[in-house]
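Residue strings, one per chain:
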Amino acid sequence: HDCVVGFAQAEGSGPEDGRTINIDVYLSPPVSAATVTVDYTVTDITTDGRDYTPHPASGRLSFPPGATSQAIRVTPRADADPEGDEQFKVTLSNPRGGSLDVALGEVTEHIYTIIDSSPKVMFLEPSSSGDEAAGLVSVGVWLSTSWTQTITVDYAVKAEGTTAQSPADYMLLG
């Protein structure tokens, strides 16, 4: 082969913040005689089609003579949906370069993970206890980031492995 085109990495990740990311595609070695092109498609893995732009995406990258890299630009959408991390895949195909013998490299797929920006709810301590005579006992809960929407969390008390009985030994309040 005269040259090879592909991704440097099979995976990448970044925050769900609305900033455009570059997914780099490399050509090796650089060629001086012709423009090399490669087609790409961006497809959902766990995203729902509203999580990045452009969607769906496909196109062609062109490497002018002497160029060694080009970028596929994708913008994860900043949203307030608590949805967990999401992934999409970019696939390279159809490398061409006029009379050059152009091949795909070893890494022809790149999986990108959009890291969810939703806050996480956590206990301040993994367990708690209190003196019966103390009255009320509070269990601290922490929100990982400030949030403009109401967050509701389901909870349950499990007294397994203890002698505590509800309501004789404890009661849940509000």
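Since the structure is predicted, the reported quantities are computational estimates derived from the model, not experimental observations.

Draft legend 1. Representation of the layout of surface pockets in the model. Considering only enclosed or pocket space, the largest pocket measures out at about 1500 Å³ in volume. What lines the largest pocket is a set of 34 residues, and nearest its centre among them are Ser128, Val137, Val139, Val157 and Leu172. In terms of residues, the lining of the largest pocket owes the most to one element, strand β11 (residues 121–123), which gives 3 residues. Along the lines of polarity and charge, the residues of the lining of the largest pocket split into 19 nonpolar, 9 polar and 6 charged.

Draft legend 2. A look at a nonpolar patch on the surface. A contiguous nonpolar surface patch, about 570 Å² in accessible area, is contributed by Val121, Phe123, Val139, Val141, Leu143, Ile151 and Val153. Those elements giving two or more residues to the nonpolar patch turn out to be β11 and β12 (141–143). Along the chain, Ile151 turns up in the segment after β12. Relative accessible area serves as the criterion here: at 34%, Ile151 is assigned to the partly exposed category.

Draft legend 3. The arrangement of the packing of aromatic side chains in detail. In the structure shown here, the tally under the stated rule is 2 aromatic pairs. Measuring from ring centre to ring centre gives 4.5 Å for Tyr52 and Phe88, while their planes differ by 35°; the resulting arrangement is tilted. On the criterion of sequence distance, the pair formed by Tyr52 in strand β5 (residues 52–53) and Phe88 in strand β8 (residues 86–96) is long-range, its members being 36 residues apart. Across the pair, Phe88 and Tyr52 agree in class, each one buried. An aromatic cluster is built from Tyr52, Phe88 and Tyr112, whose rings are joined through pairwise contacts.

Draft legend 4. Geometry of the sheet that holds strand β2 (residues 11–15). Sheet architecture is open: 5 strands sit in the order β2-β10-β8-β4-β6, paired in mixed fashion. Two strands in the sheet have a free side with no partner beyond their single neighbour: β2 and β6 (57–63). Mean inter-strand twist for the sheet, computed between neighbouring axes without regard to direction, equals 25°. Pairing analysis gives 7 bridges linking strand β4 (residues 36–44) to β6, with the strands arranged antiparallel. Bridge assignment links Asp39 to a residue of β6, and that residue is Arg60.

Draft legend 5. Broad picture of the sheet that holds strand β1 (residues 3–7). Strands sit in the order β5-β7-β3-β1-β9 across an open sheet of 5 strands; the sheet is mixed. This sheet does not close on itself; its edge strands, each paired only once, are β5 and β9 (102–104). Sheet topology places β1 next to strand β3 (residues 21–28); 4 bridges connect them, and they run antiparallel. Among the inter-strand pairings, Val5 is bridged to a residue of β3, identified as Leu27.

Draft legend 6. Looking closely at the environment of Ser93. When you line up the elements, Ser93 lands in strand β8. Given a relative accessible area of 27%, Ser93 falls into the partly exposed group. In the structure, Ser93 is positioned 54 residues away from Asp39 in sequence and 5.1 Å away in space, judged by C-alpha atoms. Excluding residues within four positions of it along the chain, Ser93 makes contact with Val38, Asp39 and Leu104.

What counts, and where the lines are drawn
Each residue is numbered by its place in its chain's sequence as written, counting from 1. Local features in this predicted model are restricted to residues whose pLDDT is 70 or higher, and side-chain atom pairs enter the listing and the counts only when it is 80 or higher, whereas totals over whole chains, interfaces and linings include all residues. Side-chain measures were taken over the full set of non-hydrogen atoms in the model, leaving aside hydrogen atoms and water. For each structure, a 1 Å grid was placed over the protein atoms alone; sets of points admitting a 1.4 Å probe that cannot get out are labelled cavities, open sets with protein on both sides within 12 Å along at least five of seven lines are labelled pockets, and lining residues have an atom within 4 Å of a point. Grid points are joined across faces, edges and corners, and a volume is the space filled by probe spheres set on the points. Helix and strand definitions here come from DSSP, where helices need a minimum of 4 consecutive H or I residues and strands a minimum of 2 consecutive E residues; each element is numbered from the N-terminal end. Note that Gly is not counted as nonpolar here; it falls among the polar residues with everything else outside the nonpolar set of Ala, Val, Leu, Ile, Met, Phe, Trp, Tyr, Cys and Pro and the charged set of Asp, Glu, Lys and Arg. To count toward a patch, a residue needs a relative accessible area over 30% and no salt bridge; like charges are then connected within 9 Å, while nonpolar side chains (Val, Leu, Ile, Met, Phe, Trp, Tyr) are connected within 5 Å. Using a 1.4 Å probe, accessible areas were evaluated by the Shrake-Rupley method; residue-level cover was limited to the displayed protein chains. Throughout this description, the term salt bridge denotes a Lys or Arg side-chain nitrogen within 4 Å of a carboxyl oxygen of Asp or Glu. Using a 1.4 Å probe on the protein chains alone, a residue whose accessible area is under 20% of its type maximum counts as buried, one over 50% counts as exposed, and one in between counts as partly exposed. Two rings from Phe, Tyr or Trp (for Trp, the six-membered ring) form a pair when their centres sit within 6.5 Å of each other. Planes less than 30 degrees apart are called stacked, planes more than 60 degrees apart edge-to-face, and all others tilted. Pairing between strands is defined by DSSP: at least two bridges between them are needed. Only the stretch in contact is used when fitting a helix axis, every axis being a line fitted to C-alpha atoms; angles between N-to-C directions are given from 0 to 180 degrees. Note on contacts: a residue pair is in contact if any heavy atoms of the two residues lie within 4.5 Å.

Such coordinate-based values are descriptive only and should not be taken to indicate function.
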